[in-house]
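Given next are the chains, with one letter for each unit.
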Amino acid sequence: MSERPWSSTAPPGEFRTYISAEESIKEFTLRAVILGALFGLLFGAVTVYVGLRAGLTVSASIPISVLSISILRAFGRSTILENNIVQTTGSAGESLAAGVMFTIPALIFLGFGSEFTFWRIFPLALLGGWLGVLFMVPLRRQLIVKEHGNLAFPEGTACADVLVAGERGGSFAGRVFWGLGLGGVYTFLMNTVQAWTSQPEGRPSWFPGASFRAAITSEYLGVGYIIGPRVSGILFAGGIISWLVMMPAIKFYGQLAGNTPIYPSTIPIPQMSPDDLWRSYIRPMGAGAVAAAGLITLLRTMPTILSALRAGLKDVRAEGAGQSTASSRIDQDVPMRWVIVGSILIVAMIWVLLTFFPIEGEQTQWYQNLFAGIFVVVFGFLFVTVAGRISGLLGNSSNPISGMSIATLMATCAIFFVAGWTAPKYAVLALMIGGIVCIAAAIAGATSQDLKTGYLVGSTPFWQQMGLLVGVTISTVAIGATLNLMNKGLEKYIPTPIPVNIQALPSGVKVERDTFTYQGKNYVLMNSLGSHEVPDGEYLYDASTQRIEFQWAQGIGSDKAPAPQARLMATVINGILNQRLPWRLVLMGVALVVAVEILGVRSLAFATGSYLSIATTGAMFAGGLVRALVEATTKKKDESEASPGALYSSGLIAAGGVFGLLGIIINLLQDPEVSTRTPHWLTSILRLPWRPDLFAFGPKIMGLLATSNLFGIFMFALLGASLFYFARKKLD
């Protein structure tokens, strides 16, 4: 089969699918669906972990394809269509995770952190995922079949080439496994054993306010290599502007403030550390920059959006009129009536969720919830059409998902504001609409690539669409659990004594829950958002001392999981509905993006870099430099997603995610209060809680090297050297 003349880029008049419509071979088998579901669980969890930390995601389709070819071959001969079902089902987890983590964690930033639970995340992710898959059904013929030769679908085409080259699967998969193995050992020794520092840092006294640091993780190195030196360099440039220009400037001029805090900080600038400066002043600027860059990206693609919408509506009308009935196996889609009934059911389920399972104390009226469900379907179809078209033109990585989400939120919040719906409960309603639409658009971009792969290799669209629905449903479990795990595993309770009169709370401070138990003692849970007296965050108030005693710093939103897009969504919602924003800082970020665009640089990567910690962007730039070095020494561009370096980098990313999550689980099992949260039988079997030094024996063995910045940089350089070696080593 592999010797027949076939080209994924053949022009429309000459193109034929790799497996013809007349051939019938194994496709939607039980082993393919199970393996795809397992990959969906794995890559969904890894994407959440890496995405919350780095603010970026990378495609999982090709790593899943090469692993599938290798694994299924071990259990007997597999067909190309089986491997395609595995990658289709498995890649749903990665794209779903991107949409979820961009929006749903905004619940925490809006002051509903206690409601951020698995059972709150799961239904929203599921409904958005189903909507994205269903809405791509009527668009498939227009975008994939009729536009063959016009829309490149780069990731989908590359994935088809990898599947067709399946006889080389062992070599391909071996490169991923090398990255997974070496990256896993590196991550475990660094994070869990603590053999060396995970973030070398220097704060020079001759440059107050600046911080030179790098988060030397395997996943950042891998992401940097895949996105390349140009994009990683633009990201790093944003970090340099924020951390080595803006923050030292704030520190320099802020010396004149004396002991007077300047909003939005509640700490005087002379007393602020670089992290304080970043949290209080750089984040609002970064939020303005990301919002402006997202909208500019959206406006730039407006002609594409309008043409995609017209083409999509035309195709839906043709489908409804029965003009595009399936004539062969490779034309069989999910029936349109399923799409229509499914959309109505999703509206009904959104209504039920918002009406009967609302956030505690923030229930909205039934007609408002129905309005939300209809809004989701209308905006969902619009942006699914846009996402599919842009994904075909530019690739899924160029899909302006955050820009479309911001546009949805702005339109929704503007309507709410005009209607006078400005209470906190309407902020939640707006987030639900924007979140589900964002998830649907993210799924649609990836789904269009998968359907393109299927079209090229001769898959049955119906079975691919079934695989996507299975993948979305299964991977939602891993995504919800990972978000919850990271939020709990990285949380801290920081002593923060602040006198507060609970009878007359400062503006921007509210009581979130009357009772909150910590260390066996009851507190009142308070939330501060946009207050001049209490920094943004959630706090435990002690009635006996009449003051705040602790800040409940949840894992998501911390420096280890900043979740930049989700914080931006909360900023947009809060800014429009409550008009409680540090507008001058936000506008500074907008002006910065305008300047960058005038210079001819695409601003979205720069804006994201200006928001993230320089530790993140610096480590990713190191990965980009390795790729530049590989290309310089091999005299060729390493652009393919199936190249040796990209495959090894995929393994590094997966290793960082898997072993990073393992480290969080170990931290939770070492929590002194873990025995009160787990069943008695589990506590007895595992002998919980574990000793804090059970695995963290690195400092005892390594001595001063365990805390040495130079040793940490040396180990990261060794990992970079392994990437350079495997990127230059040809596949067999």
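Everything discussed here concerns the structure shown above.
Anyway, here's the lowdown on the structure attached to this text.

Procedures and definitions
- Residues numbered from 1 in each chain as written.
- Predicted model: local features only at pLDDT ≥ 70, side-chain atom pairs only at ≥ 80, totals over all residues.
- Heavy atoms only, no water.
- Pairing = 2+ DSSP bridges.
- Helix = DSSP H or I, 4+ residues; strand = E, 2+ residues; numbered from the N terminus.
- Axes fitted to C-alpha atoms, helices over the stretch in contact; angles between N-to-C directions.
- Left-handed = near helix turned anticlockwise from the far one by under 90°.
- Contact = heavy atoms within 4.5 Å.
- Nonpolar A, V, L, I, M, F, W, Y, C, P; charged D, E, K, R; others polar.
- Buried < 20%, exposed > 50% of the residue type's maximum accessible area, 1.4 Å probe, protein only.

For the rest of this paragraph, the subject is the sheet that holds strand 7 (residues 547-553). Taken together, the five strands give an open sheet; going across it, the order is 3-7-6-5-4, and neighbouring strands pair in antiparallel fashion. Of all the strands in the sheet, just strand 3 (492-499) and strand 4 (509-518) have a single pairing partner and so form its edges. Across the sheet, the mean angle from the axis of one strand to that of its neighbour is 30°, orientation sign disregarded. Across six bridges, the pairing between strand 3 and strand 7 is antiparallel. Looking across to strand 7, one finds that Pro-499 is bridged to Arg-547.

As a further point, take the packing of helix 18 (residues 583-598) against helix 19 (residues 603-611). Helix 19 packs onto helix 18 with a crossing angle of 145° between their chain directions and a minimal axis gap of 10 Å. Judged by the sense of rotation from one axis to the other, the crossing of helix 18 with helix 19 is right-handed. Residues Leu-592, Val-593, Val-596 and Glu-597 of helix 18 form the contact with helix 19, whose own contacting residues are Ser-603, Phe-606 and Ala-607. Among the residues forming the contact of helix 18 with helix 19, the class breakdown is five nonpolar, one polar and one charged.

All right, on to unusual backbone geometry then. In this model, Tyr-263 is joined to Pro-264 through a cis peptide bond whose omega is 10°. As for its placement among the helices and strands, Pro-264 is situated in the loop between helix 9 (218-254) and helix 10 (274-300). Going from Leu-688 to Pro-689, the amide bond is cis rather than trans, its omega being -5°. In this fold, Pro-689 is placed in the loop between helix 22 (680-686) and helix 23 (698-702). Backbone geometry at Gln-194 places phi at a positive 60°, although glycine is not the residue there. Accessibility expressed as a relative area gives 38% for Gln-194, which makes it partly exposed. Of note, Gln-519 is a non-glycine position whose phi angle comes to about 55°, a positive value. Within the element layout of this structure, Gln-519 appears in the loop between strand 4 and strand 5 (521-528). Its relative accessible area of 53% is what places Gln-519 among the exposed residues.

By themselves, these are just geometric observations and shouldn't be taken as functional.
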